[in-house]
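Geometric and topological summary
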Amino acid sequence: MARRLADATEIDRATAIDRNFLAAVDALSVPRTFRPAEARLVPESRLDGALALELFGAEVDSRHVDLAARALKAKGQGFYTIGSSGHEGNVAVAAALRPDDPALLHYRSGAFFIERSRQYARLGHEPFDPVYAMLLGCVAAREEPIAGGRHKVFGSRELWIPPQTSTIASHLPKAVGMAFYIERARRFGLPLPVASDAIAVASFGDASVNHSTAAGAFNAASWSAHQGVPMPVLFVCEDNGLGISLPTPKSWIRAAFADRPNLRYFRADGLDLAAAYEAACQAVGYVRTERRPAFLHLGVVRLLGHAGSDAELAYRPLAEVEADEARDPLISAARLLVERGVAAPAVLRGRYEAGRARVAELAARAASRPRLTSAAEVVAPLAPLDTDAIAAEVRWQPRAEPVASERRAFWADGLPEDDPRPKPLAQQLNRALGDLLVRYPEVFVLGQDVGKKGGVYGVTRRLHQRARRGRVFDTLLDEQTILGTGCGAAQLGALPVPEIQYLAYLHNAEDQLRGEAASLQFFSQGQYRNGMVVRIAAYAYQKGFGGHFHNDHALGVLRDIPGLVVASPALGDDAVAMLQTCVAAARTCGTVCVFLEPIALYGTRDLHAAGDAGLCTRYDPCPAHVPIGRARVHGDGQDLCIVSWANGLYLSLRAARRLEQEHGIRARVVDLRWIVPLPIADVVREARTSGRVLVVDETRRSGSPSEALLAALLEEGFATQPTRRRTRSRTTGVVRRLTAVDTFVPLGDAANLVLVQEADIVAAGVALAARG
């Protein structure tokens, strides 16, 4: 076939591939005979002529969106130019799936997105225009149907395509979670928003397989299948041989996955539409029928560089770029259609030019649409909290039927509220979790050692025996999998309560909260939610079990995640009420909550003297509601206000008694209870009762909650304020904070040298009280 590649010195590569396609089509000969539309194109593939024409149309439209995105950017009207050119073969994967198979898509999935919308329309649903949606995303238009101008993503509620961020491979653990919950819901008879035989799909590039997040997801899927746990997930690797500028070693993907146990491997040339469709059908059929994971390896090519801003010729020779352009999947598809007698070259050229005209018209319309114009608009879908709905959800009748019978069966050895003996924090949490399992069939508890062992500290003890099998279960040792499983399952209607064994271990997987769970409502305008409550054993002060990784107290990583709620009770009765609040928020508002539990207080019974049981409480299944962001005040002293939480509350309550008994200083102690959002109004109100505030912060000085508290007090006018006279100032209040030292927590008694101690609080309180 005669064709000449465009000269890179004269035109850009977008113009080059456009001209190359037209030249290639014009060089094709008109077929002598035409075959029926329902006939297979090749014996070894089930792809027929009618479907092949449809898929070619999706590829064409996707290509023109890429070209239009660059044109919009050149005019200053567009903001996103990462395209799908060269990856259009993923249209075959879409055709092999159903519109209710949840698809977590790679950012080069334009053709997939378009084809799925056509499948959706064929089922009789109202048509969805994917081309216009993609263009609205490129220009950050407020009317873009999934993210509303907040990001350019592939996403649609109707098409079951939850939006994904660009974090590499971070969506793969969620796909595992979705696959897990599809089967779990089917087993338990729980409602699902998709068919019970649906499968989860996640697509990604070849460079992404090297990411630890991807490795964890592949391992989790294989680990589950190895044990006979159904895991209907399809991993689709679109292998273009490049990770931006870094080449993937030749045959690396095949070598790494062809013989992997419990992960069936399928391969096809994604530039060959018939072969890609056949391989996709085989892979989808295997996963749907066997309910086991599979890996579909599609060979593709990257055209137009990584993005519009990528100067590809700076790291690749022109000859290599041109060789890739000669492998254009649109040219391959056109050649297949003509040589197999499905369409004449003129028809395909006409479809291509019609696509260009339509996309240009839609691009002009999209560029004229309004964008977000205020901060309020931007943050509106971030993490809306309906306080009335949460309060209503918390209320329940544990002694009314049929719940009463279910609770008696669950608590076969006696209802916890009938036990008159006050219990410490860990046992109260155990009881609260048990009642949540009774009340909500969609709740499940997962994590390392939460099953038979009952948790490292016994918080989940016997829950796996009391609950229906499979609702409290152990996971493999991988925090990314634990959180990702929760994220994915929650999108399908589950209410997960994952446990991270220690706060230090969260840092291995923090992006599953920051980049994935917390951002979902923001990037979907609330159309998708993944409400869950992540329990984390946290903080220092453990006796006999020291060292940094079991005493980590760094909260900075959680405090700046937009929309995240962070709770941290110290007392058992608060823990019960706050856990109920978090679950209610997750269920009604899709809130993502982190529930920090002070390890050192799990089993602590006494407050001031041996046997006083000052930290123990009786269990109440219907405690007074604790709203998010509200503090609790202990005492009514007028001389000093101590503000703290968790272990700091324990230390502060003890110090407050000593201040009164030894120094005649009467203090009130404010328990924050919530780290995000902080109960600023409550703190300011209590601070003004004495004008002296001591913030006791058990975490490191830098990045600590006390930084935000001091800033808030200053902003509220509580601090030394300058007057109009430069030589004098007006003092409305004094504030001091105690924090841990900016270091890791050492082993043994050395920990006390860097952590806040009771004596430190007493000394600071005396000094503050001496201030006028």
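Source: prediction; values computed, not measured.

1. Focus: the overall build of the protein chain
- In terms of regular secondary structure, the protein chain is built from 27 helices and 21 strands.
- A compact globule built from 772 residues should have a C-alpha radius of gyration of about 28 Å, and the protein chain, at 30 Å, falls within 12% of that.
- In the protein chain, of all internal contacts separated by at least 6 residues, the share reaching a separation of at least 24 is 78%.
- Of the accessible surface of the protein chain, which amounts to about 29500 Å², a share of 51% is contributed by carbon and sulfur atoms.
- Each charge sign in the protein chain was given a centre, from 90 positive and 85 negative side chains, and these centres are 3 Å apart.

2. Some points on helix α7 (residues 212-226)
- Under the 1.5 Å per step criterion, the end-to-end length of α7 is 20 Å for 15 residues, consistent within 8% with the ideal 21 Å.
- Gly228 occupies a position one or two residues after α7 and carries a positive phi of about 85 degrees.

3. Remarks on the sheet that holds strand β1 (residues 103-104)
- Read from one edge to the other, the open sheet built from 5 strands follows the order β1-β2-β3-β7-β6, with strand pairing classed as parallel. Each edge of the sheet is formed by a strand with only one pairing partner; in this case those strands are β1 and β6 (264-269).
- Helix-sheet contacts for α7 involve β2 (200-205), β3 (233-239) and β7 (294-299), and the interaxial angle to β3 is about 145 degrees.

4. Observations concerning the environment of Cys237
- For Cys237, the position within the fold is in strand β3.
- Relative accessible area serves as the criterion here: at 0%, Cys237 is assigned to the buried category.
- Taking the C-alpha atoms as reference points, Cys237 and Gly205, 32 residues apart in sequence, are found 5.5 Å from one another.
- Those residues within four positions of Cys237 in sequence are excluded, and the remaining contacts are Phe204, Gly205, Asp206, Val209, Ile253, Phe295, Leu296, His297 and Leu298.

5. Quick notes on the nonpolar core
- Membership of the largest hydrophobic core comes to 169 residues, with the highest contact counts inside it found for Phe235, Phe295, Leu513, Leu558 and Leu596.
- Ranked by residues supplied to this core, first place goes to helix α23 (residues 572-589) with 11 residues.
- Those residues in contact with Leu513 that sit more than four places away from it in its chain are Leu483, Leu506, Ala518, Met532, Val534, Leu558, Ile561, Val592 and Val594.
- In terms of nonpolar packing, the next biggest core, distinct from the first, is built from 87 residues, Phe21, Tyr277, Leu298 and Ala366 among them.

6. What about helix α12 (residues 345-367)?
- A rise of 1.5 Å per residue sets the reference length of α12, with its 23 residues, at 33 Å; its end C-alpha atoms lie 33 Å apart and thus fit the reference within 8%.
- Along α12, the residues classified as buried are Pro345, Leu348, Tyr352, Gly355, Val359, Leu362, Ala363, Ala366 and Ala367.
- Summarising the contacts, the buried residues of α12 are in contact with α1 (13-26), α2 (49-74), α5 (130-138) and α11 (329-339).

7. So, the pattern of salt bridges
- For the structure on display, the rule yields 56 salt bridges.
- Residue Asp419 is joined to Arg421 by a salt bridge in which the shortest nitrogen-to-oxygen separation is 3.0 Å.
- Since its relative accessible area comes to 14%, Asp419 is described here as buried.
- Given a relative accessible area of 52%, Arg421 falls into the exposed group.
- Where salt bridges share partners, they join Arg302, Asp310, Glu312, Arg316, Glu320, Asp324 and Arg327 into one cluster.

8. Points about the environment of Gly137
- The residue Gly137 is located in helix α5 in this model.
- Separated by 15 residues in sequence, Gly137 and Lys152 have C-alpha atoms that sit 4.6 Å apart.
- When residues no more than four places from it in sequence are discounted, the contact partners of Gly137 are Glu144 and Lys152.

9. So, the sheet that holds strand β12 (residues 565-567)
- Read across the open sheet, the 7 strands follow the order β9-β8-β10-β11-β13-β12-β17; overall the sheet is mixed. Both edges of this open sheet fall to β9 (472-474) and β17 (674-676), since each of them pairs with a single strand only. Averaged over all neighbouring strand pairs, the angle between strand axes comes to 20 degrees, with direction disregarded.
- Here strand β10 (residues 495-500) pairs with strand β11 (residues 532-538) via 2 bridges, running parallel. Note that in β11 the partner of Ile500 across the bridge is Ile536.
- Sitting on the sheet, helix α16 (residues 425-439) touches β8 (443-447), β9, β10, β11 and β13 (592-598), and the angle it makes with β8 is about 135 degrees.

10. Brief notes about a positive patch on the surface
- Side chains of Arg187, Lys452, Arg468 and Arg469 sit close together on the surface and give a patch of like positive charge.
- Its place among the elements puts Arg187 in helix α6 (residues 172-188).
- Take Arg187: its relative accessible area is 44%, and that puts it in the partly exposed class.

11. Overview of the packing of aromatic side chains
- Overall, the coordinates contain 22 aromatic pairs when judged by the stated rule.
- An angle of 50 degrees between the planes, with centres 5.7 Å apart, marks the rings of Phe204 and Phe218 as tilted. Linking Phe204 in strand β2 with Phe218 in helix α7, this pair joins segments that are 14 residues apart in sequence. The residues Phe204 and Phe218 share a single accessibility class, namely buried.

12. Some remarks on the pairing of strand β16 (residues 667-671)
- Of all 5 residues that make up β16, 5 are buried, and the element is covered over most of its length.
- Judged by which residues are buried, β16 turns out to be covered on both faces: Ala667, Val669 and Asp671 on one side and Arg668 and Val670 on the other are all buried.
- Pairing geometry for strand β14 (residues 632-634) and β16, over 3 bridges, is antiparallel. Bridged to His634 within β16 is Val669.

13. Examining unusual backbone geometry
- Glu401 connects to Pro402 through a cis peptide bond whose omega is 5 degrees.
- Here the bond from Val676 into Pro677 is cis, since omega is -5 degrees, no more than 30 degrees from zero.
- Among the structural elements, Pro677 can be located in the loop between β17 and α25 (680-687).
- The residue Arg462 is not glycine, and still its phi comes out positive at about 70 degrees.
- Its location among the elements puts Arg462 in the loop between β8 and α17 (463-466).

14. Structural notes on the confidence of the model for the protein chain
- Residues of the protein chain with pLDDT of at least 70 account for 96%, and the chain-wide mean is 94.
- Within the model, the stretch residues 1-10 combines pLDDT values under 50 with 22 contacts to residues more than four positions away or in other chains.
- Considering only residues more than four positions removed or in separate chains, one finds that residues 725-730, a stretch of pLDDT under 50, has 9 contacts.

Rules and cut-offs
- Residues numbered from 1 in each chain as written.
- Predicted model: local features only at pLDDT ≥ 70, side-chain atom pairs only at ≥ 80, totals over all residues.
- Heavy atoms only, no water.
- Helix = DSSP H or I, 4+ residues; strand = E, 2+ residues; numbered from the N terminus.
- Rg over C-alpha atoms; globule rule 2.2 N^0.38 Å.
- Contact = heavy atoms within 4.5 Å.
- Areas by Shrake-Rupley, 256 points an atom, 1.4 Å probe, with all protein chains shown as cover.
- Lys, Arg positive; Asp, Glu negative; His and termini not counted.
- Charge placed at Lys NZ, Arg CZ, Asp CG, Glu CD.
- Expected span 1.5 Å × (residues − 1).
- Pairing = 2+ DSSP bridges.
- Axes fitted to C-alpha atoms, helices over the stretch in contact; angles between N-to-C directions.
- Buried < 20%, exposed > 50% of the residue type's maximum accessible area, 1.4 Å probe, protein only.
- Core = buried A, V, L, I, M, F, W, Y, C linked by side-chain atoms within 4.5 Å.
- Salt bridge = Lys/Arg side-chain N within 4 Å of Asp/Glu carboxyl O.
- Patch = residues over 30% accessible without salt bridge, like charges linked within 9 Å, V, L, I, M, F, W, Y side chains within 5 Å.
- Phe/Tyr/Trp six-rings, centres within 6.5 Å; stacked < 30°, edge-to-face > 60°.
- pLDDT = per-residue confidence, 0-100.

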